[in-house]
Amino acid sequence: FITDRGESDEPFYITTFYSRSEYRQRLVSINNTVLSVSLIIALVTMIISLILANSITSPIRHLRKAMFAISAGNYQTVVDLRVSGEMGDLLGGFNDMARQLSQDHTALRKYISEIVHLKEYNDKIFNAIHEGIIVVNALFTIEKVNQAFLRYLGISGEPRPTVWTTGADQAAAAGLLARDGLQQV
């Protein structure tokens, strides 16, 4: 019953009916948006990962290539990349090492050239001496003889500037010495 104020003691129910198709369309739209955003984020993440990976592996590939060039004898090789951070320090250190190796290699070639020149000069002096000279080491291996010594023994040819290491060379020299009454010293 309704009172004069319009209030009722009985409960009042309102029932409404809504179509779910509109909510399903909104749910599908939200799902599509989330999927699209997720795919875009994944794609951007992959691109950034590839760029970062390439920024690390590219200098390493250049460094490896330069290492093989130096090991092949090209001491003028440098890695010409502008990279900052630890990779830049590594490449800079490699370039400094390569420059130092090149300088050391050039100096070594110069020293070897000087040594060869001095050896040839000493050999000329050694062979110009008119007295027979034989040089033996601590193991009594004949290392060197001059031209006068070979003439004394009646051997023709150029003296050997290297160590006589074969048994035949040593036996022949010892036999010639013994024949002439000389002893190895």
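Remember, it's a predicted structure, so these values are computed and weren't measured experimentally.

Visitor: I keep staring at the nonpolar core and nothing clicks. Help me out?
Guide: One broad trend across soluble globular proteins is that nonpolar side chains are buried collectively. Membership of the largest hydrophobic core is limited to seven residues, which are Leu63, Ala66, Ile70, Val79, Leu91, Phe94 and Ala98. For this core, the secondary structure elements donating two or more residues are α1 (21-71) and α2 (85-128). In contact with Ala98, not counting residues within four places along its chain, are Ile70, Tyr75 and Thr77. Residues Ile142, Val145, Phe149 and Leu150 belong to the second largest nonpolar core, which totals five residues.

Visitor: Got a minute to help me understand the side chain of Asn146 in this structure?
Guide: Relative to the elements of secondary structure, Asn146 occurs in the loop between β2 (142-145) and α3 (147-153). For Asn146, a relative accessible area of 0% puts it in the buried group. A polar atom in the side chain of Asn146 sits 2.9 Å from the backbone nitrogen of Ile133. A distance of 2.9 Å separates a polar side-chain atom of Asn146 from the backbone nitrogen of Phe149.

What counts and what doesn't
- The residue numbers shown here count from 1 along each chain, following its written sequence.
- Since the coordinates come from a predicted model, pLDDT governs what is reported: local features require at least 70, and pairs of side-chain atoms require 80 or more to be given and counted, while whole-chain, interface and lining totals use all residues.
- The basis for every side-chain value is the complete set of heavy atoms in the structure, and neither hydrogens nor water enter the calculation.
- Among buried residues, those of type Ala, Val, Leu, Ile, Met, Phe, Trp, Tyr and Cys that are joined through side-chain atoms within 4.5 Å constitute a nonpolar core.
- We call a residue buried when its accessible area falls under 20% of the maximum for its residue type, exposed when it is over 50%, and partly exposed in between, using a 1.4 Å probe and counting protein chains only.
- What counts as a helix is a DSSP run of H or I of at least four residues, what counts as a strand is a run of E of at least two, and both are numbered from the N terminus.
- We call two residues in contact whenever any of their non-hydrogen atoms come within 4.5 Å of each other.
- Distance and chemistry together define a polar contact, namely a pair of N or O atoms within 3.5 Å, with one atom able to donate a hydrogen and the other to accept it when in protein, and with adjacent residues in sequence counting only for side-chain atoms on both sides.

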